[in-house]
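Examining the three-dimensional arrangement
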Amino acid sequence: MSTSSKDQIDTRAGHFGQFGGRYVPEALIGALDELEAAHNAAQKDPEFLAELAHLHKTYSGRPSIITEAKRFAEHAGGARIILKREDLNHTGSHKINNVLGQALLAKRSGKKRVIAETGAGQHGVASATAAALMGLECVVYMGEEDTKRQSLNVARMKLLGAEVIPVTTGSKTLKDAINEAMRDWVTNVDSTNYLFGTVAGPHPFPTMVRDFQKIIGEEARAQVLELTGKLPDAVLACVGGGSNAIGIFYDFIKDKDVRLIGLEAGGDGVETGRHAATITGGTPGVLHGARSYLLQDENGQTVESHSISAGLDYPGVGPEHAYLSDIGRAEYRAITDAEAMYAFSLLCKTEGIIPAIETAHALAGALQVGRELGKDATLLINLSGRGDKDVVTAAEYFGIPL
Amino acid sequence: MTTPLAQLFKKTQSENRAALIAYIPAGYPTQEGCKAVIDVFADAGVDAIEIGFPYSDPVMDGPTIQEAANTSLNAGTGAKEVFDALAHATSRGVPSVVMTYWNPVEKYGVQEFAESISSNSGSGVITPDLPVDEAQPWKTACAESEINSIFVVAPSTTDQRLEKVTAQCSGFVYAASLMGVTGARSGISSGAKDLVDRIKKVTDTPVAVGLGVSTREHAKEVAAYADGVIVGSAFINALSGADSLDSGIKAVRALVEQLALGVREGRG
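Note that this is a predicted model, so its numbers are computed, not measured.

For the structure on display, the rule yields 41 salt bridges over all chains. Ionic pairing is found between B:E15 and B:K11, a salt bridge with its closest N-O pair at 3.9 Å. Look at B:E15 and you get partly exposed, because its relative accessible area is 39%. Across the pair B:K80 and B:D84 runs a salt bridge whose closest N-O atoms are separated by 2.9 Å. In this pair, B:K80 and B:D84 both sit in helix α4 (residues 79–91), 4 residues apart, roughly one turn of the helix. Residue classification places B:K80 among the exposed residues on the basis of a relative accessible area of 57%. With relative accessibility at 33%, the residue B:D84 sits in the partly exposed group. Connected through shared salt-bridge partners, A:E26, B:D133, B:R161 and B:K164 make up one network.

Below, the structure written as structure tokens:
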């Protein structure tokens, strides 16, 4: 293993213990410095914060509500289950929180063009939406495999005026879309901001995306306190790159008695090797500009991930999650495709809510943790996205003729 | 510390010419084919060789090198094959380095990687996605193994940062001629000379220019102001466009001979 600063805490900006940092071509350092400075300035600028709050209130629909899932809870050991409804946001997931922030930053920095990567298409749709709203040119890179799995979202992005470029290199999925977006950015860095979709990538992305997503936890903490009079016993979220999870975890990190549980995509089972459970089944290394856990072989080559959920099908994870896992503040478990699809179906039939398949991993975790903690426990689940985009996948899975 | 690479630049500077530096990914087009390419490099006038460590996620490379890396990875190339290719190149008496993305080094072990470079008579390593800010453990390992650490700078690198990065470079400074990825192009970016001029103001370390250099004319143009001319994708195009390994090797030889003339014409 590496002899780098493994055993000491690295306190430089953008480092989370031994994780994070910036492992990118020198050509991008200037742009990342510029982005970091713009973000830091914006976070202290009342005008920027007011503009973003106005968009939340009048455009994307914040604050999102919480819903108590009583019938679903009967299957979770009787524990109290509270859902944070990010699925009700404009464009259907938490992704809009981040892109509104980043697109506003791009506009303030005078950039005319934004690029984005997307896996399931939710971040691409959110990026295309924000770009349309703010009059920016938008190019979305999407693995060719994913354009086939998520053709509805491809059409949505095009309707919103974005150009979608299918990526045919490597495994033709999210990781390759990120590579291609990075290559675009290296080439067009003067005119372009890269709207990164998750809390991975080089500094400042993990910190910046977290700053734009932490509103989920801030709202939910107050809402749960108001509803129940106390903090939840555990907060659960699915983890691919980890943006919705960091978003709901962050405001609870200081509450040491609240367990933070991330649910990774276990695919066919971690023991089969066909999974995307990076923290559970991966090892530390560097991918896409940061040190974190990743799925890799003995030569440090990235190994392809597998999940029924395109949005979790990623062989890396955000560095702050790697750090929270290493210091024992958050725990991470793998949920198989079958467990996720069971929870997906259960939420549909008990609560009348069709969740995204990504989100169904968190719901499957709630079934486990609820049974472990029993009926006196309260669990807060980030319902990160809605399942409209997944209807074809789910229908095929459950044998419903289309 | 002085490496064969450092000695090479003293020689080419005394001859008032630029050095020709040629890149080939280990295991491309095959393990044996790679050794044949290295032999041609050595015979036909290449001054230094870069052995590429093929990587699954090469964000600084264009389609040509990406495809070559995939071919090589699919044939099972790993660290062992990279060091075998390096040993072959140095056994031919040509100063040689490895060019690698950072994760394979971390996986192999930072110290162990530097030691293996040294034990195969390699002069150093080019690390295109390791900024100097993250490079302290690597710098320590390079110093212990007495090998060169070569970092890449770009036209967007500020003067202040050029000073910081070049202070960490030994052997040579790798100047990326343009903002973009590797790959043959029709002409050399006008930004390349400006960058080399800025680098020369802050360091005495030799400067080699890469990205987009593919012809004798390009080599001649770059040799007028740089100490080294780096060519990569053009060799891969020569090999991938040929209908047999033999004809590919012939095309590589012809290209090396042209480029070797180019690096000697620049200061005429």
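A few words on the interface of chain A and chain B. On the chain B side, the residues contacting the 39 residues of chain A number 40 residues. Contact between chain A and chain B buries roughly 3000 Å² in total, counting both sides, with carbon and sulfur atoms accounting for 48%. Where chain A meets chain B, there are 4 salt bridges. In this structure, A:E26 and B:R161 form a salt bridge, with 2.5 Å as the shortest nitrogen-oxygen distance. Joining chain A to chain B, the criterion identifies 20 residue pairs in polar contact (both at pLDDT 80 or more).

Bringing the pairing of strand β11 (residues 283–287) of chain A into the picture now. All names here are of chain A. For β11, the tally of buried residues reaches 4 of 5 residues, placing the bulk of the element in the interior. Judged from the 5 bridges that link them, β11 and strand β12 (residues 290–294) form a sheet pairing that is antiparallel. Directly across from P284, in β12, lies its bridge partner Y293. Remark: 2 residues form the turn of the hairpin made by β11 and β12, two consecutive strands paired antiparallel; H288 in that turn has positive phi of roughly 50°.

Residue and element names in this part refer to chain A. Annotation of chain A at the domain level lists domain 1 (16–55 + 95–209) and domain 2 (61–93 + 214–398). Computed over C-alpha atoms, the centres of domain 1 and domain 2 are 22 Å apart. Taken together, the contacts link 37 residues of domain 1 with 40 residues of domain 2. For the pairing of domain 1 and domain 2, the buried interface totals around 3100 Å² over both sides, and the portion due to carbon and sulfur atoms is 59%. When the buried surface of domain 1 facing domain 2 is broken down by residue, F19, Y23 and K175 rank first, second and third, together holding 20% of it. Where domain 1 meets domain 2, there are 0 salt bridges. Scanning the region where domain 1 abuts domain 2 turns up 11 residue pairs in polar contact (both at pLDDT 80 or more). At the level of secondary structure, the elements contributing two or more residues to the side of domain 1 that touches domain 2 comprise β2 (19–20), α4 (95–108), α5 (122–134), α6 (144–149), α7 (151–159), α8 (174–188) and α9 (205–213). The residue inventory of the side of domain 1 that touches domain 2, partitioned by class, reads 16 nonpolar, 15 polar and 6 charged.

To continue, consider the packing of aromatic side chains. Summed over all chains, the structure comprises 18 aromatic pairs over all chains. Both rings, one in A:F19 and one in A:Y293, keep their centres 5.5 Å apart while their planes meet at 35°; by these two values the pair is tilted. Taken as a pair, A:F19 in strand β2 and A:Y293 in strand β12 lie far apart in primary sequence, 274 residues in all. Grouping residues by exposure puts A:F19 and A:Y293 together as buried. The structure contains a cluster of three or more aromatic residues connected by ring pairs, namely B:F53, B:F83, B:W102, B:Y108, B:F113 and B:W138.

Moving on, we get to helix α2 (residues 31–44) of chain B. Residue and element names in this part refer to chain B. Given a rise of 1.5 Å per residue, 14 residues ought to cover 20 Å, and the 20 Å separating the end C-alpha atoms of α2 matches this to within 8%. Of the residues making up α2, those classed as buried are G33, C34, V37, I38, V40, F41 and A44. Each buried residue of α2 sits inside an arc of 160° when the element is viewed along its axis, so together they form one side. The inward-facing, buried residues of α2 contact β1 (19–25), β2 (48–52), α4, α11 (233–240) and α12 (245–265). Of the residues trailing α2, G45 is marked for its positive phi of about 115°.

Quick notes on the rules
- Residues numbered from 1 in each chain as written.
- Chains lettered and ligands numbered in written order.
- Predicted model: local features only at pLDDT ≥ 70, side-chain atom pairs only at ≥ 80, totals over all residues.
- Heavy atoms only, no water.
- Salt bridge = Lys/Arg side-chain N within 4 Å of Asp/Glu carboxyl O.
- Buried < 20%, exposed > 50% of the residue type's maximum accessible area, 1.4 Å probe, protein only.
- Helix = DSSP H or I, 4+ residues; strand = E, 2+ residues; numbered from the N terminus.
- Contact = heavy atoms within 4.5 Å.
- Buried area = accessible area lost by both parts, 1.4 Å probe.
- Polar contact = N/O pair within 3.5 Å; in protein donor to acceptor, adjacent residues only side chain to side chain.
- Pairing = 2+ DSSP bridges.
- Domains from an automatic or database assignment.
- Nonpolar A, V, L, I, M, F, W, Y, C, P; charged D, E, K, R; others polar.
- Phe/Tyr/Trp six-rings, centres within 6.5 Å; stacked < 30°, edge-to-face > 60°.
- Expected span 1.5 Å × (residues − 1).
- Arc of directions from axis to C-beta.

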